[in-house]
Amino acid sequence: MSIERTGASGAQGILRYATAPGSPSFTDFLAAVSPDLLPSGTTSSAALPHGTTIVAASYADGVVMAGDRRATAGNLIAQRDIEKVFAADEYSLIGIAGTAGLAIEIVRLYQVELEHYEKIEGTQLTLDGKANRLATMIRGNLGQALQGLAVVPLFAGFDVAGDGGKIYSFDVTGGRYPEQHYHSVGSGSLFARGALKKLWREGMDRADIVRAVVESLYDAADDDSATGGPDITRGIYPVVMLATVTGTERVSDAELDTVVRAILADRASRPGA
């Protein structure tokens, strides 16, 4: 089914509905019009790995971003150790939720975009400028998003102009929204944001903010099957990155192991909390 607009002199035009099945085969017609309805439709977004929960929060020295490591394909775990948080450049971070393969390609392109601008102009974009560039790239993916291949990033960074850590969220149309204090995206975002609402406070130090974001992901994994919790047995921990005046930094798995074990010990003493 398609919708065509025909113009008319001195009028707004009218909408005309037309069907164009093309091939006499209904299967071919369905493959062209609604491939997701086919039992083996390879373009169905449900068959593609999806990244899930990303959180970001500001603290005394800048901003932190963390993501769980699970990717799902429908009701299956597609990957247990996918990475969804990256350094966009020297002072900014980007996390992805949505169609995993497409999102990672957008991240790579965005990293090159920022590097290219710096080489051509001889200076970096402002943090607001970086967020605007990302919004434009997301808007360019709108057609695929409407087909179910949505990518919803979370962007954060240290503003070298002197305003400290900032967080930006986006929608599939490329809308850009500055966030206050903390934010989360993905299937477990509701639970992660609820945890951060209780855990976050003004002026937190590095150790406190790392614990807060890891605990928020733990809470998300507790209620959302698409979000993966820390896996001590396999040594799989969330990706946690910081952006400060000195640049970006990834928190080591050794440090996260200590944080996770402390969280598990607290939860073991209060299993119903």
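Q: Please set out the confidence of the model for the protein residue by residue, giving values where relevant.
A: Taken residue by residue, the protein gives an average pLDDT of 82. The fraction at 70 or more is 78%. Across residues 1–28, where pLDDT falls below 50, the model places 25 contacts with residues more than four positions away in sequence or in other chains. Between residues 38–46, whose pLDDT stays under 50, and residues either more than four places distant or in other chains, the model counts 11 contacts.

Q: Could you give an account of the pairing of strand β5 (residues 62–67), with specific residues and numbers?
A: The element β5 is largely enclosed, with a buried count of six among its six residues. Counting the residues in the hairpin turn of strand β4 (residues 54–59) and β5 gives two residues.

Q: Summarise the packing of helix α5 (residues 189–199) against helix α6 (residues 206–223); cite the residues concerned and give the values.
A: Where α5 meets α6, the axes come as close as 8 Å, and the angle between the chain directions of the two elements is 140°. Comparing the axis directions of α5 and α6 gives the class oblique. Between α5 and α6 lies a crossing whose hand is right-handed. Residues F191, A192, A195, L196 and L199 of α5 touch α6, and the partners they reach there are A212, V213, E215, S216, D219, A220 and D223. Of the residues belonging to the contact of α5 with α6, the class tally is eight nonpolar, one polar and three charged.

Q: Describe the environment of G157, naming the residues involved and giving the relevant values.
A: Of note, G157 is situated in strand β10 (residues 151–159). Spatially, the C-alpha atoms of G157 and S58 are 9.3 Å apart, while their sequence positions differ by 99 residues. When sequence neighbours within four positions are dropped, the list of residues in contact with G157 reads V63, Y91, S92, L127, G164, G165, K166 and A243.

Q: Please give an account of the nonpolar core that cites residues and values.
A: One finds I209, V210, V213, V214 and V240 to be the most contacted residues of the largest nonpolar core, which totals 25 residues. Looking at this core, the elements with two or more residues in it are β4, β5, α5, α6, β14 (239–244) and α7 (253–269). Top contributing element to this core by residue count: α6, with seven residues. Not counting residues up to four positions away in its chain, the partners in contact with V240 are V64, M65, A66, V210, V213, V214, E249, R250, V251 and L256. Counting 24 residues, the second largest nonpolar core, distinct from the first, contains I82, F86, I104 and L127.

Q: Before we move on, could you go through the packing of helix α2 (residues 100–121) against helix α3 (residues 127–140) and cite the residues and values that matter?
A: Packing of α2 against α3 leaves a shortest axis separation of 11 Å and a crossing angle of 135°. One element, α2, and the other, α3, form an angle in the oblique class. Along this stretch, α2 crosses α3, giving a crossing that reads as right-handed. Only K130, A131, R133, L134, M137 and I138 of α3 make contact with α2, whose side of the interface consists of I106, L109, Y110, E113, L114 and Y117.

Q: An account of unusual backbone geometry is needed here, citing residue identities and associated values.
A: Positioned with a positive phi, H181 is a non-glycine residue whose angle comes to about 75°. Looking at the element boundaries, H181 is found in the loop between β12 (176–179) and β13 (182–185). Judged by relative accessible area, which is 33%, H181 ranks as partly exposed.

The rules behind these values
Residues numbered from 1 in each chain as written. Predicted model: local features only at pLDDT ≥ 70, side-chain atom pairs only at ≥ 80, totals over all residues. Heavy atoms only, no water. pLDDT = per-residue confidence, 0-100. Contact = heavy atoms within 4.5 Å. Buried < 20%, exposed > 50% of the residue type's maximum accessible area, 1.4 Å probe, protein only. Helix = DSSP H or I, 4+ residues; strand = E, 2+ residues; numbered from the N terminus. Pairing = 2+ DSSP bridges. Axes fitted to C-alpha atoms, helices over the stretch in contact; angles between N-to-C directions. Parallel < 35°, antiparallel > 145°, perpendicular 65-115°, else oblique. Left-handed = near helix turned anticlockwise from the far one by under 90°. Nonpolar A, V, L, I, M, F, W, Y, C, P; charged D, E, K, R; others polar. Core = buried A, V, L, I, M, F, W, Y, C linked by side-chain atoms within 4.5 Å.

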